[in-house]
Amino acid sequence: MQQKNYIIDELNPQQRQAVLENSCNLLILAGAGSGKTKTLTHKIAFILNEGLAKPYQILALTFTNKAAGEMKERIGKLIGSQASDMWIGTFHSIALKILRKEGFRPTIYDSKDQENLIKEILKKLNIDSKKYTPRAFCSSISSLKLKLTKPEDLKVNSPFEKYLKSVYRLYEESLAKANAVDFDNIILRVIELLEENEDVRKKYSNKFKYIFIDEYQDTNYPQYLFVRLLYNSSNIVCAVGDEDQSIYGFRGAQIDNILKFDREYENCKIIKLEKNYRSAQEILNIANTLISKNNLRKEKRLYSDKIGGRISIVNLATETEEAKFVAEQIQKLKLEGENLYDIAVLYRTNFQSRTIEEALIRYSIPYNIIGSKRFLERKEIKDVIAYLKLLVNPNDDIAFLRAIGSHPRGIGAKFLEVISKAKDSLNTSMFEASKWLIEKKKVTPRQEKALKQFLSVFDINTAKSVDKIIDEIIQISGLKNHLEQTDDFDRIANIMELKNTGNLNNLESFLEDLSLLDYSNELEEQKESVRLMTIHASKGLEFNTVFIVGVEEGLFPNENLKRDELDIEEERRLFYVAITRAKTNLFISHASSRRRGIDYQRSKPSRFLLEIKEKIKHKPLKRGDKIRHSIYGEGVVLSKDGQLLTVNFSENGIKKILEKDRNLSVV
């Protein structure tokens, strides 16, 4: 007789099976809203509670700090303080932890630091940065790293690739000289370490008895390789994910990683979590119908105990009418008692938000755009972080240039060229070159004063708490005085807010926390408001009511991503993700025409609508059914004579329409 266990008692049969299977490699295919995180955390808690592994023998890899934090918290609630000894974190934070334990302590360059470094390299190589932008080089270099392609391995087939080869080589050399890594390099460095040092690889593969990977469908090739190098046939790998929600191919994610998992890892079982705890069955029906059209997937069908989902597919004349429809429906929902923060408007691309925003403003509906603002990308925050980075690593030339240019101080572009030339001739850093220029009296008295005042910032005692260090930086550097004189009090407030972030006890840890911060799923807590976001930004979220707008050919699937059937399948997965964000109410809309300049162009409904409409429209209507018509509005069926309906529309009175009218949808 099976003994009752508080960790598994509240799980459904599929979840319980996944938690109890701990003797072989395991792929848990967790459908949308199926309790993936609950299953994974209960599985780890069960392993520890049963003594199958010690906490330090558990490695769990996630994609966001939020997911890692939630995992730690949930496991802690189940089994107590022993959860703190587990290795739970993002791929990058765990890789960085291994590197640091093995004696490699790099500075981390974010995307802006990378661009600044590329700008310097383009100047050195006399490459026109307007024709070939730093961002283009950054993107290309990142793509090459995802394929593990080194500068010397790059084949040149175009003028850009010729430049790319040189820029890539200098970029990597500059990173090495500054003891720095970009985000891609964090994983690549740990791969090199594990591949080239068998003792280190054995040390970690023997250390971890269980390896868990969350959201496995989102892994790229280096991340896949990282896990493979930690596997030794004696430990157990458990991957959790859903190939139907693989929507990050543009970032390098490889859906094939999850599809081939059971072939890559011997003695592997597959368990499917198909019971959905989020959406009504009516919504799941169309989601299942849609995703069944994809070939790159493992068969599963979501089901739910909830019924009563309301689905509307609405055709409007223009995008302006579409936005008006959304605003009016939100007003009606609010009158019915719906909370605005439980309503989301989703779109394929950011530019689509404009007309929605205008309509919401016109109807006085508060809204919040998610994912378009980033605290750490604000200028004043980047400036202060540059000072902090330079305190930790004086060899960081990118941080030097950012900090010295944070505000006017009498050091212009020409003087910076003097420092740069001195740096190159001495083969040292900008920081050391500055001190040398002062020491050798190679600057004017005015330049010397400005440079000394800047360098004095870096006499700060870094053993202090980080909030005290920040206070001293903005005071000594003159940044605070500059912002006060220009009445930039919002920027001062942002700097004050920075002091509430991360580990304030240790400067290196503080910078590491900031570098690894992920805002992808963070909702800004403001007053009650409707959420607007791209479908990509909605991943992992749920709302009682969801509007999906602009579901038209060219927009969704996106006309820039229709190269082949693989692209179409990813777009279909994206639509599937959008549908499965909804709990009860789902509105899907498309416009008959969209404005292009001063003219309007006809739009065709998305092929995805044709794939799901059959599931909705073939339900026969009867007296009392509520319907919605794109011309007449909402109404109630009074009677039915064959295919002819008599409908009482609340705003347009009694009308006779055909049941197969393409403007009709069931509420």
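Because the structure is predicted, anything quoted here is derived from the model rather than measured.

Engineer: Got a minute to help me understand the sheet that holds strand β3 (residues 87-90) in this structure?
Structural biologist: By definition, the strands of a sheet pair up through backbone hydrogen bonds, in either a parallel or an antiparallel sense. Taken in spatial order, the six strands of this open sheet run β3-β2-β6-β7-β1-β8, and their pairing is parallel. Only two strands of the sheet have a single partner each, and these edge strands are β3 and β8 (268-273). Averaged over neighbouring strand pairs, the angle between their axes works out to 15° when direction is ignored. Of the pairings in the sheet, the one linking strand β1 (residues 25-30) to β8 comprises six bridges and is parallel in character.

Engineer: Teacher, can you tell me more about empty space enclosed by the protein here?
Structural biologist: Empty space left among the atoms is revealed by rolling a probe the size of a water molecule over them. This model, assessed by the stated rule, comprises five cavities of 30 Å³ or more. The volume enclosed by the largest cavity comes to roughly 90 Å³. In this structure, the largest cavity is lined by 13 residues; those nearest its centre are D113, K382, A386, K389 and R402. Listed by contribution, the elements that provide at least two residues to the lining of the largest cavity are α5 (111-124), α16 (379-392) and α17 (397-404). With four residues, α16 is the single largest residue contributor to the lining of the largest cavity.

Engineer: Explanation requested: the packing of helix α19 (residues 430-439) against helix α20 (residues 445-455) in the structure shown.
Structural biologist: When two helices pack together, you describe them by how their axes are tilted relative to each other and by the distance separating the axes. The N-to-C vectors of α19 and α20 enclose an angle of 135°; their axes lie 10 Å apart at closest approach. Considered as vectors, α19 and α20 are oriented oblique to each other. Crossing hand, α19 versus α20: left-handed. Residues F431, S434, K435 and I438 of α19 lie in contact with α20, whose contacting residues are E448, L451, K452 and L455. A per-class count over the contact of α19 with α20 returns four nonpolar, one polar and three charged.

Engineer: Can you help me understand the UniProt feature "binding site: ATP" (unreviewed entry) in the protein in this one?
Structural biologist: The UniProt record marks A30, G31, A32, G33, S34, G35, K36 and T37 with the feature "binding site: ATP" (unreviewed entry), using the residue numbering of this structure. Excluding residues that lie within four positions of it along the chain, A32 makes contacts with D242, Q245, N276, R278, L302, T580 and R581. Its location among the elements puts G35 in the loop between β1 and α2 (36-49). According to the relative accessible area criterion, G35 is partly exposed, its value standing at 23%.

Engineer: What is the right way to look at helix α1 (residues 13-20) in this model?
Structural biologist: Counting along an α-helix, one turn takes 3.6 residues, and residues three or four places apart therefore face a common direction. All of the buried residues along α1 are Q14, Q15, A18 and V19. Seen from one end, α1 has its buried residues packed into an arc of 135°, which puts them on one side. Its buried side turned inward, α1 meets β1, α2 and β8. Two to three positions downstream of the cap, the backbone nitrogen of Q14 sits 3.0 Å from a side-chain oxygen, assigning the N-cap of α1 to N12.

Rules of the game
- Residues numbered from 1 in each chain as written.
- Predicted model: local features only at pLDDT ≥ 70, side-chain atom pairs only at ≥ 80, totals over all residues.
- Heavy atoms only, no water.
- Pairing = 2+ DSSP bridges.
- Helix = DSSP H or I, 4+ residues; strand = E, 2+ residues; numbered from the N terminus.
- Axes fitted to C-alpha atoms, helices over the stretch in contact; angles between N-to-C directions.
- 1 Å grid on protein atoms, 1.4 Å probe; cavity = no way out; pocket = protein on both sides within 12 Å on 5 of 7 lines; lining within 4 Å.
- Points joined across faces, edges and corners; volume = space filled by probe spheres on them.
- Parallel < 35°, antiparallel > 145°, perpendicular 65-115°, else oblique.
- Left-handed = near helix turned anticlockwise from the far one by under 90°.
- Contact = heavy atoms within 4.5 Å.
- Nonpolar A, V, L, I, M, F, W, Y, C, P; charged D, E, K, R; others polar.
- UniProt positions renumbered as here; feature names shortened; annotations may be inferred.
- Buried < 20%, exposed > 50% of the residue type's maximum accessible area, 1.4 Å probe, protein only.
- Arc of directions from axis to C-beta.
- Polar contact = N/O pair within 3.5 Å; in protein donor to acceptor, adjacent residues only side chain to side chain.

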